[in-house]
Amino acid sequence: LQAEQHITSMPNMLVSKTLLAQQLIPSILKNDAQLQSVLALLHDWGAILHFKDHPLLNSVVFTAPHKLADVMATVVSWYREKRARVVGGVLHHADLPNIWPDMEERDRALLLQLLHACEVALPLPDGQSSLVPAMLPDTPTRPVDEAFYSEGGRALEVELSYIPPDLMARLVVRLRKFVTHTE
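Residues numbered from 1 in each chain as written. Predicted model: local features only at pLDDT ≥ 70, side-chain atom pairs only at ≥ 80, totals over all residues. Heavy atoms only, no water.

> What is the right way to read the sheet that holds strand β5 (residues 129-131) from this model?
Strands belonging to one sheet form pairs held by backbone hydrogen bonds; the direction of such a pair is parallel or antiparallel. Across the sheet, which stays open at both edges, the 3 strands sit in the order β3-β5-β4 with antiparallel pairing between neighbours. Across the chains shown, the open sheet's two edge strands, defined by having one partner strand only, are β3 (90-92) and β4 (122-123). As judged from the 3 bridges shared by β3 and β5, these two strands associate in the antiparallel manner. Paired with H92 across the bridge in β5 is S129. (Pairing = 2+ DSSP bridges. Helix = DSSP H or I, 4+ residues; strand = E, 2+ residues; numbered from the N terminus.)

Here you go:
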């Protein structure tokens, strides 16, 4: 209980796991194993968010998961001023200081990794931008033409009586592992 109060009352939404260990061991917790147990329990309860198995996010603890909805709403939103930040479904990483101005560069990078881990955004090959499927335009900006098919493009036609609103966004993200680059 004492560890939970300490972690959830921290002013910063993103906290280094190393900093938590320094603050909690040995005064409140006995060792790193106890810290891992507390983090797992608090994560299961929804009090914090900790990606223990994610290679880039396992070193950070999100102490206020409820605030992450606000963070994600700055990228995925129907409000016109927020939609202007992700033009055509593409989030340019250079725009992150304008999107999250009150955060440090390290925290912005972690939040971007969180968007990728939660499949809200997909890193593009250029490394300078991410695709946000939920923000793709309702109609394509250019028609699919014969060049697509002549260059080895693939098509899939499915007829459904009901389409969940996020189906295409999820398909784009999940099917990326089947894409091969030939250059």
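> How do you make sense of the pattern of salt bridges when you look at a structure like this?
Pairing is possible between side chains of opposite charge, provided their charged atoms come close. What the rule picks out here adds up to 2 salt bridges. E105 is the partner of R108 in a salt bridge, and the nearest nitrogen-oxygen pair spans 2.9 Å. Of the two residues, R108 and E105 are both situated in helix α7 (residues 105-117); the distance of 3 residues between them amounts to about one turn of the helix. The exposed category is assigned to E105, whose relative accessible area is 55%. The partner of R106 in a salt bridge is D107, with the nearest N and O atoms 3.2 Å apart. With relative accessibility at 6%, the residue D107 sits in the buried group. (Salt bridge = Lys/Arg side-chain N within 4 Å of Asp/Glu carboxyl O. Buried < 20%, exposed > 50% of the residue type's maximum accessible area, 1.4 Å probe, protein only.)

> So what exactly am I meant to see when it comes to the packing of helix α4 (residues 65-73) against α7 here?
Angle between the axes and distance between the axes are the two parameters that describe a pair of packed helices. The interhelical angle for the contact between α4 and α7, taken along N-to-C directions, is 90 degrees, at an axis separation of 11 Å. The pairing of α4 with α7 is recorded here as roughly perpendicular in orientation. Counting all contacts with α4, which are made through L68, V71 and M72, the residues of α7 involved are L111, L114 and L115. Each residue belonging to the contact of α4 with α7 can be placed in one class, and the counts come to 6 nonpolar, no polar and no charged. (Axes fitted to C-alpha atoms, helices over the stretch in contact; angles between N-to-C directions. Parallel < 35°, antiparallel > 145°, perpendicular 65-115°, else oblique. Contact = heavy atoms within 4.5 Å. Nonpolar A, V, L, I, M, F, W, Y, C, P; charged D, E, K, R; others polar.)

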